[in-house]
Amino acid sequence: MSIWENIKIAVFSIRTNMMRSILTMLGIIIGVASVIAIITVGNGGKDYIVDIMSSMSSGAVSIQVKTDATAAELITKEDIESLRGIDSIQYVSPMDYKIGSAYTDNETAICFVLSGNEDLSHVMNITMRRGRFFTEEENKNAANVCVISELGAMVLYNSLDCVGEYINFQVNGQVVKFRIIGVTSADLSASTSSANSTVSMYSEMSANMGNTQDTMMGGSAMVSIVAPITVTDNMSNSKGYNMLYVTAKDSSQAKTVGNAAKNILYAKHGNFGSNVYNVVNMETYTVLVDKIINVFTTFVAGISAIALLVGGIGVMNIMLVSVTERTREIGIRKSLGAKTSTIMFQFLTESIILCLIGGIVGFILGVGMAAAVAWYAGISIKVEVSTIAIAVGFSSAVGIFFGLYPARKAAKMLPIEALRRD
Amino acid sequence: MSLIDIRNVYKIYNPGENEVRALDGVSLSIEEGEFVAIIGQSGSGKSTLMNMLGMLDNCTSGEYYMDGIDVSHMTDDELSEIRNKKIGFIFQGFNLISSLTAKGNVELPLVYRGMKRAERDKLSTESLKMVGLEKRMYHRPSQMSGGQQQRVAIARAIAARPPIILADEPTGNLDSHSGKDVMRIIHQLHKEGRTIILITHDNGIAEEAQRVVRIQDGKIIEDYINENPKGVE
Ligand SMILES: Nc1ncnc2c1ncn2[C@@H]1O[C@H](COP(=O)(O)OP(=O)(O)OP(=O)(O)O)[C@@H](O)[C@H]1O
Ligand SMILES: [Mg+2]
């Protein structure tokens, strides 16, 4: 009997037993759909967490100067320029910050000013929602322009469309009037807190809050802005910087590039052995991220395994029932001359077709379910081929095994025994 | 050499206590072209004998030769092939597949013989015509009367033109009119040269056969040639 003939018999059998076929497929559909949905949503959630975590670091390495360093050991503009000349370095920016208060015509808030050169947007992963980042030209000319965080824009203007507005920054009696040229979605305060300066930053912040309390009108929300470092330089006539960020052209070389930059600083300042420059490659931070990701991965894998199991049991039950139901049919077929292999092939073909259709429908349903959940939860998902393969593969394997196993048992019976069943 | 030759066949259910000797040392040989009626009361072992002759069941002990070949040691698949090529079954309970149409059921033995679709089509239609069911070809068993189902079962048994027809109470569930229709078909098959083994508990029907084998409590108690087989009126 040809394969084509067999497929036709199987299709016919599936069609003539619509109810049973649908129930069987339902087992597969539910199995496949739930596994795909759970794995996909789980992975989407995981990616979301990973994204948040990794957006906090751009793969940049920071070099920090010890607090007890002398003024001559601070990082200078010339240091930055010479690091720029290094081939393996892609971006380099010094970093400074000021904390004071910000006010517009209507609002007042605590304000955190992060400053650097035009490369800062790259080393800190500052992505723009509106407008643009400041240019090299603006940095050179100490233009009073700034990029404001989304949150800050909402606090001060209750809208993201605030490009062109002016913001007054006040610290130690000085006032600088910044023109807003862009809005960023990056969480600026989180970026700096990853750079080991959390403690000093917050202590400074609370100190300034004391100073500015009278002008604060009780508004405790923090506004973060990014400005050219030349502007903050003018505010404090600084001799140099405590921190710089570099990124490597080859991101896997971040640590090496960090160390190279450190050695250049020692060379330029002639203070080898003083240990004033420290490369902070965010190892502790990475360990934390890894831990969180691992927990998530295990969690998703565990839930997926349960979904697979539940789906598998569903498929198994319906297969066992439907084949046991057909023992008599198998007996009839055998008494009319069907060989064991012919019967096995018929049931195999039927199982494969059911699993295939069930798998496709389950896949569509699962992706739909995942998309709905993702939409609701506000995360983005991508369906991976491996997920589909696992879901469809496992459910089909279970379906085929438990479709074939009882069929084989029935086919091996004496025809009369199979015929006596009802 | 006989077509069918069974020697000293026993079929014992529940050996030991409570045992049932469904076949208790049966020896029987049947020649090609014979029309044999096996008659006996309910529970005498007729169906058991038919299952044995049709190689659907194995015996507790005994020998079975078909065309001189020992079939008792053949594999399952070899037996399937012999059944497919040589035997047409008409079961006591029809044993139709409920999900298939009349035609689908009749085609089954042809499918397992590996016949091409066109040929299957021709043979199944022909045999359904022969039992007068050409108008019911695409009906399911559940949409047909008992007599019609019985005729589908007959059509299925004869579709592949097997040399042996094993019929277990083919008229058992039918009124006398339909019963006569069925017997007419069986006589027709016999005339075409087939070997007919007909199981019945009805003396009147047994009288229509050339040879009558009477069975009681699993033993053959009578085996005679009917000199004047009664024709169907
Ligand atoms: N699977 C079985 N297990 C135990 N006993 C059985 C089994 N099948 C049949 N028997 C017994 O074997 C004996 C013969 O049964 P069989 O079906 O051959 O009778 P029969 O002559 O065909 O009867 P009927 O005319 O009612 O069809 C009966 O006593 C029956 O109870
Ligand atoms: Mg019987």
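Residues numbered from 1 in each chain as written. Chains lettered and ligands numbered in written order. Predicted model: local features only at pLDDT ≥ 70, side-chain atom pairs only at ≥ 80, totals over all residues. Heavy atoms only, no water.

A few words now on the overall build of chain B. Broken down by element type, chain B carries seven helices and ten strands. Residue pairs at least 24 apart in sequence account for 68% of intrachain contacts in chain B once pairs closer than 6 positions are excluded. Carbon together with sulfur atoms contributes 46% to the accessible area of chain B, which is approximately 10200 Å² in total. (Helix = DSSP H or I, 4+ residues; strand = E, 2+ residues; numbered from the N terminus. Contact = heavy atoms within 4.5 Å. Areas by Shrake-Rupley, 256 points an atom, 1.4 Å probe, with all protein chains shown as cover.)

So, about the overall build of chain A. Scanning chain A from N- to C-terminus turns up 15 helices and ten strands. Counting all 422 residues of chain A, 50% fall into the buried class. Taking the intrachain contacts of chain A between residues at least 6 apart in sequence as the baseline, contacts between residues at least 24 apart amount to 78%. Accessible surface, chain A as shown: approximately 19700 Å² in total, 60% of it carbon and sulfur. (Buried < 20%, exposed > 50% of the residue type's maximum accessible area, 1.4 Å probe, protein only.)

This next bit is on a nonpolar patch on the surface. All names here are of chain A. Together, Ile-352, Leu-356, Ile-357, Ile-360, Val-361 and Ile-364 make up an exposed nonpolar region whose accessible area comes to about 520 Å². Summarising the element assignment, Ile-352 is placed in helix α13 (residues 340–377). Assessed through its relative accessible area of 36%, Ile-352 is described here as partly exposed. (Patch = residues over 30% accessible without salt bridge, like charges linked within 9 Å, V, L, I, M, F, W, Y side chains within 5 Å. Salt bridge = Lys/Arg side-chain N within 4 Å of Asp/Glu carboxyl O.)

Where a metal carries four tetrahedral donors, each ideal angle is 109.5 degrees; where it carries six octahedral donors, the ideal angles are 90 or 180 degrees. Taken together, the protein donors to the magnesium ion (ligand 2) comprise Ser-47 of chain B (OG) and Gln-92 of chain B (OE1), at separations of 1.9 to 2.5 Å. One end of the pair, Ser-47 of chain B, is in helix α1 (residues 46–53); the other, Gln-92 of chain B, is in the loop between β6 (87–90) and α3 (102–113), and 45 residues separate them in sequence. (Donors = N, O, S within 2.8 Å, 3.2 Å for Na, K, Ca; no water.)

Glancing now at the pairing of strand β10 (residues 219–225) of chain B. All names here are of chain B. With six bridges connecting them, strand β9 (residues 211–216) and β10 associate as antiparallel partners. Within β10, the position partnered with Gln-216 by the bridge is Lys-219. Between β9 and the antiparallel strand that follows it, β10, lie two residues; Asp-217 among them carries a positive phi value of about 50°. (Pairing = 2+ DSSP bridges.)

One can find Asn-226 of chain B in the segment after β10. In contact with Asn-226 of chain B, not counting residues within four places along its chain, are Ala-206, Glu-207, Ala-209, Gln-210 and Arg-211 of chain B.

This part covers the interface of chain A and chain B. By a widely used convention, the size of an interface equals the accessible area lost when the partners come together. In this complex, chain A contributes 26 residues to the contact, which on the side of chain B involves 26 residues. Carbon and sulfur atoms make up 54% of the area that chain A and chain B hide from each other, which totals about 2300 Å². Between the two partners, chain A and chain B, sit two salt bridges. Between Glu-81 of chain B and Lys-339 of chain A there is a salt bridge, with its nearest N and O atoms 3.1 Å apart. Counting across the interface, chain A meets chain B through eleven residue pairs in polar contact (both at pLDDT 80 or more). (Buried area = accessible area lost by both parts, 1.4 Å probe. Polar contact = N/O pair within 3.5 Å; in protein donor to acceptor, adjacent residues only side chain to side chain.)

Glancing now at the site of ligand 1. Taken together, 14 residues are adjacent to ligand 1, and Ser-42, Gly-43, Lys-46, Ser-47 and Thr-48 of chain B come closest. Neighbouring residues of ligand 1 are distributed over chains A and B. Side-chain polar atom of Thr-48 of chain B to an oxygen atom of ligand 1: 2.5 Å apart, as the coordinates give it. Between ligand 1 and Gln-92 of chain B there is a distance of 3.0 Å, counted from an oxygen atom to a side-chain nitrogen or oxygen. Listed by contribution, the elements that provide at least two residues to the shell around ligand 1 are β2 (20–30) and α1 of chain B. Among the elements that make up the shell around ligand 1, the one with the highest residue count is α1 of chain B (three residues). Along the lines of polarity and charge, the residues of the shell around ligand 1 split into three nonpolar, eight polar and three charged. (Near = heavy atom within 4 Å. Nonpolar A, V, L, I, M, F, W, Y, C, P; charged D, E, K, R; others polar.)

Think of a sheet as strands paired side by side through backbone hydrogen bonds, with each pair either parallel or antiparallel. All names here are of chain B. Spatial strand order, β2-β1-β4-β5: four strands in an open sheet with antiparallel pairing. Both outer strands of the open sheet, β2 and β5 (69–70), are each paired with one neighbouring strand and no more. Looking at chain direction, strand β1 (residues 4–13) and strand β4 (residues 61–66) are connected through five bridges and run antiparallel. Directly across from Ile-6, in β4, lies its bridge partner Tyr-64. Each of β1, β2 and β4 is contacted by α1, which is oriented at about 125° to β1, the strand it contacts most. (Axes fitted to C-alpha atoms, helices over the stretch in contact; angles between N-to-C directions.)

It is worth spelling out the confidence of the model for chain A at this point. One rule of thumb: low pLDDT means the predicted coordinates there are not for detailed reading. Residue and element names in this part refer to chain A. Averaged over all residues, the pLDDT of chain A equals 82, while 87% of them reach at least 70. The secondary-structure element of chain A with the lowest mean pLDDT is helix α8 (residues 198–212), recorded at 46, while strand β5 (residues 145–149) shows the highest, at 94. Under a pLDDT of 50 for its full length, residues 193–203 has, in the predicted model, 15 contacts with residues more than four places off or in other chains. (pLDDT = per-residue confidence, 0-100.)

This part takes up the packing of helix α1 (residues 3–16) of chain A against α13 of chain A. Residues and elements named next belong to chain A. As a packed pair, α1 and α13 sit with axes 9 Å apart at the nearest point and diverge in direction by 60°. For the element pair α1 / α13, the angle class is oblique. Considering how the two elements wind past one another, α1 and α13 form a crossing that is right-handed. Contacts between α1 and α13 involve Ile-3, Asn-6, Ile-7, Ile-9, Ala-10, Val-11, Ser-13 and Ile-14 from the first element and Thr-342, Phe-345, Gln-346, Thr-349, Glu-350, Ile-353 and Leu-354 from the second. (Parallel < 35°, antiparallel > 145°, perpendicular 65-115°, else oblique. Left-handed = near helix turned anticlockwise from the far one by under 90°.)

A few words now on the sheet that holds strand β3 (residues 35–39) of chain B. All names here are of chain B. With mixed pairing, the six strands of this open sheet are ordered in space as β6-β7-β8-β3-β9-β10. Pairing within the sheet leaves two strands with one partner each, and these edge strands are β6 and β10. Between one strand axis and the next, the sheet turns by 15° as a mean value, whatever way the strands run. Where β6 and strand β7 (residues 164–168) come together, four bridges link them in parallel fashion. The residue of β7 that forms the bridge with Ile-90 is Ala-167. Strand contacts of helix α2 (residues 76–86): β6 and β7, with the helix running at about 80° to β6, the strand carrying the most contacts. Contacting β6 and β7, helix α5 (residues 146–159) crosses the sheet at an angle of about 175° to β6.

All right, on to the environment of Ala-143 of chain A then. Residue and element names in this part refer to chain A. Inspection of the secondary structure puts Ala-143 in the loop between α5 (136–140) and β5. In this structure, the C-alpha to C-alpha distance between Ala-143 and Thr-230, residues 87 residues apart in sequence, is 8.2 Å. Those residues in contact with Ala-143 that sit more than four places away from it in its chain are Glu-138, Pro-228 and Val-231.

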